[in-house]
Structures are given as structure tokens and as C-alpha cells.
Amino acid sequence: MTNVNKYLKAKEFWSRISYIHNTDNSLPEIPKITLTFAQSIDGKISGKNSSQILLSGQDSMILTHHLRSVHDGIMVGVGTVINDNPKLNVRLFEPGTEKNIQNPQPIVLDSKLRIPENCALITLPKTNKLSKYPWIVCGHAADTSKIKEEPILEELGATVIKMEKPECCLSTGRPLIKHVLNELKKRGMDNIMVEGGSNVIQEFIRKHIEERIVNVLVVTIAPVIVGGDGLGATDSLSLKGGLNCLKLKNVDYERFGDDIVMASEL
Ligand SMILES: NC(=O)C1=CN([C@@H]2O[C@H](COP(=O)(O)OP(=O)(O)OC[C@H]3O[C@@H](n4cnc5c(N)ncnc54)[C@H](OP(=O)(O)O)[C@@H]3O)[C@@H](O)[C@H]2O)C=CC1
Ligand SMILES: Nc1nc(O)c(N)c(N[C@@H]2O[C@H](COP(=O)(O)O)[C@@H](O)[C@H]2O)n1
């Protein structure tokens, strides 16, 4: 298949499944959520000691970048930023279409402002004008004083969104997802792609069981075996409320190169 056809295929797949994305979640106060990640056939999203692994082949990676391009925001946890130092921008697109490409707004869940100041999300927009400086969502107890005293994150271009005490978990101090999403909607985010990692995926699934916050789940399944040392997408998720498993609905599949991509309602 030529590269042009790969881009076309990615677009067609998103058009085909976007009816799932557009299903009414009855929560107009939050953005529409696409929860997405890539995993091995044994359910691992990274390797030993959380080492980043390239699971997606070129064809499914083109789909991932297309998904980035059609969302207002892209969200990860600070664990992913520290571990992978991701760029989260759109780098795979059909030649000749670069003028129309919009990078999503990177959003990092980071209750204690642990994000490294020299990470790609903060340094890249300086040289790449199309990349956006990240929004960093922190908890009420985060030490934002360091931002003014040693003008770090905000002077470097990032926007720190500090959630109020009632909007954070009492025990962990982490911003509560529903409040974060509500704040992001107020800031113009109508749809957000949540890329991981493991803790964030689990938090969205937990919250979804209570309040149906996820519109569509898109999982790339790569023909790779990682083994028991790898990190699973849902390793620490225990389902409550009498559920012994969560059955996906409106399931659709497509082959992208050697990978299978599954899209469904959660
Ligand atoms: N294959 C794939 O598609 C992907 C794989 N990955 C992999 O995932 C791994 C990283 O996963 P993980 O370590 O779990 O890190 P995450 O990216 O899930 O970040 C988790 C951290 O986010 C912070 N956080 C803030 N608010 C919340 C909240 N409400 N809910 C949950 N977390 C919150 C917490 O740190 P604090 O308490 O300090 O705020 C928490 O420790 C890496 O190995 C990476 O390679 C990541 C993305 C995609
Ligand atoms: N779709 C997909 N396939 C893989 O094989 C992956 N390892 C990931 N990981 C996610 O992508 C981030 C890296 O993004 P950049 O290439 O730096 O823009 C990584 O942090 C994970 O979120 N995704």
C-alpha cells in the first residue's frame, strides 16, 4: 500500500468510527473523550521497568497521528512525560497537507508539578512554531510558588492550571477527572484524545463506569509478546459495583499493516 493510501485509510477509519465518538454522553459540560493506546497481544503498553516500546507499526502510527490532528487536546499523565519524554504533536501527515495540520493542545495531569522543565513538551514549541506549549493541570497543594519565585514553568511558556481543593481527591491531592474536564471545556476543548499511560487509562475507565465520560475507545493491538515484566494498561484496575468484566459495545476492527485496531464504545 502506498503512503498516500495509508493516510486515506486512517481518515476513512476515523470517519467510520466517529459515529461512536459522537454518541451522546449526556455530559455537555465536558469534552468528548477518545481513550486510546497501543498494546501487545498480551496486553502490555510498555516493557520491563516501564521502558517505552514501539508497538505500533507505521500504518497504525499514521492513524494515531491522524487522531491527534482531529482532536482539540491530547492528554497524558506526568508518568508518561517523565518516562517517555513524548512530543505529542502531529508528524505523520499526507505530504502537501502540512498547512492544514493543527497540533492538539498538550495537557498533562501533574498534581505535584513533577514535569521536567527540559522535557520536549516544554522545549519543542520554542523551535517548532506549530507545536503548542503544554497546559499542566496540578492539585491545590502543588508548590506553584516556585513558578513565581524561580520563574520556571510559566516563564518557559507552559500554562499551569491549578485546581481548587474541592476539585482534588482528598487522599491523593490529584485533580478529579470530572472537574479537570469541566475546566478544559471552559477553556475551549470540545474533544480530547487521552493517550495514557497506565494510571490515567485506569482512572478514565473507573470514572467512566460511574459517569460514562469516555465516548470512544481506540486500541492498537500489535503482534508482539512483551511478557510478565511489562506494564499492562489495566494492571491495577479492579472493577467495582459487581462487575466482573467490562463488555465493550459497538465494536469495530480494522487491520493496519500487521496491527489490528479496535474501536468501540466503552
Ligand atoms: N503504549 C501506549 O500507547 C502508551 C504507553 N505508555 C506507557 O505508560 C507508562 C506510564 O504510565 P504511568 O506510569 O501509569 O503514568 P501516567 O502517564 O498514567 O501518569 C500517572 C501520573 O499522573 C498523575 N496524575 C495526576 N492526576 C491524576 C489522576 N486524576 N489520575 C491518575 N493520575 C494522575 C499522577 O502523578 P502525581 O500523583 O504526581 O500527580 C500519576 O502518577 C510508560 O511506560 C509509557 O511508556 C504511555 C502512554 C501510551
Ligand atoms: N500509538 C502508539 N504506539 C506506540 O507503539 C507507542 N509506544 C505509543 N506511545 C505513546 O506515544 C507517545 C510518544 O509520542 P511522540 O512520538 O513522542 O509524539 C508516548 O509517550 C505514548 O503516549 N503510542
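Everything that follows concerns the structure shown earlier in this document.
Residues numbered from 1 in each chain as written. Chains lettered and ligands numbered in written order. Predicted model: local features only at pLDDT ≥ 70, side-chain atom pairs only at ≥ 80, totals over all residues. Heavy atoms only, no water.

Some remarks on the site of ligand 1
Surveying the vicinity of ligand 1 reveals 28 residues, the closest of which are A38, T80, S111, R114 and N199. Contacts to ligand 1 include K112, whose side-chain N or O atom sits 3.0 Å from an oxygen atom. Within the backbone of P175, an N or O atom sits 3.0 Å from a nitrogen atom of ligand 1. In the complex, 90% of the free accessible area of ligand 1, which totals 920 Å², lies under the protein chains. Ranked by residues supplied to the shell around ligand 1, first place goes to helix 3 (residues 78-84) with 5 residues. (Near = heavy atom within 4 Å. Polar contact = N/O pair within 3.5 Å; in protein donor to acceptor, adjacent residues only side chain to side chain. Areas by Shrake-Rupley, 256 points an atom, 1.4 Å probe, with all protein chains shown as cover. Helix = DSSP H or I, 4+ residues; strand = E, 2+ residues; numbered from the N terminus.)

Looking at the packing of helix 1 (residues 3-21) against helix 2 (residues 58-69)
One can describe the packing of helix 1 onto helix 2 by two numbers: an axis separation of 9 Å at closest approach and a directional angle of 55 degrees. Relative to helix 2, the element helix 1 is oriented oblique. As helix 1 runs across helix 2, the sense of the crossing is right-handed. Along its contact with helix 1, which presents N3, K6, Y7, A10, K11, F13 and W14, the element helix 2 presents Q58, D59, I62, L63, H66 and L67. Looking at the contact of helix 1 with helix 2, its residues break down into 7 nonpolar, 3 polar and 3 charged. (Axes fitted to C-alpha atoms, helices over the stretch in contact; angles between N-to-C directions. Parallel < 35°, antiparallel > 145°, perpendicular 65-115°, else oblique. Left-handed = near helix turned anticlockwise from the far one by under 90°. Contact = heavy atoms within 4.5 Å. Nonpolar A, V, L, I, M, F, W, Y, C, P; charged D, E, K, R; others polar.)

All quantities given are derived from atomic positions and should not be read as evidence of function.
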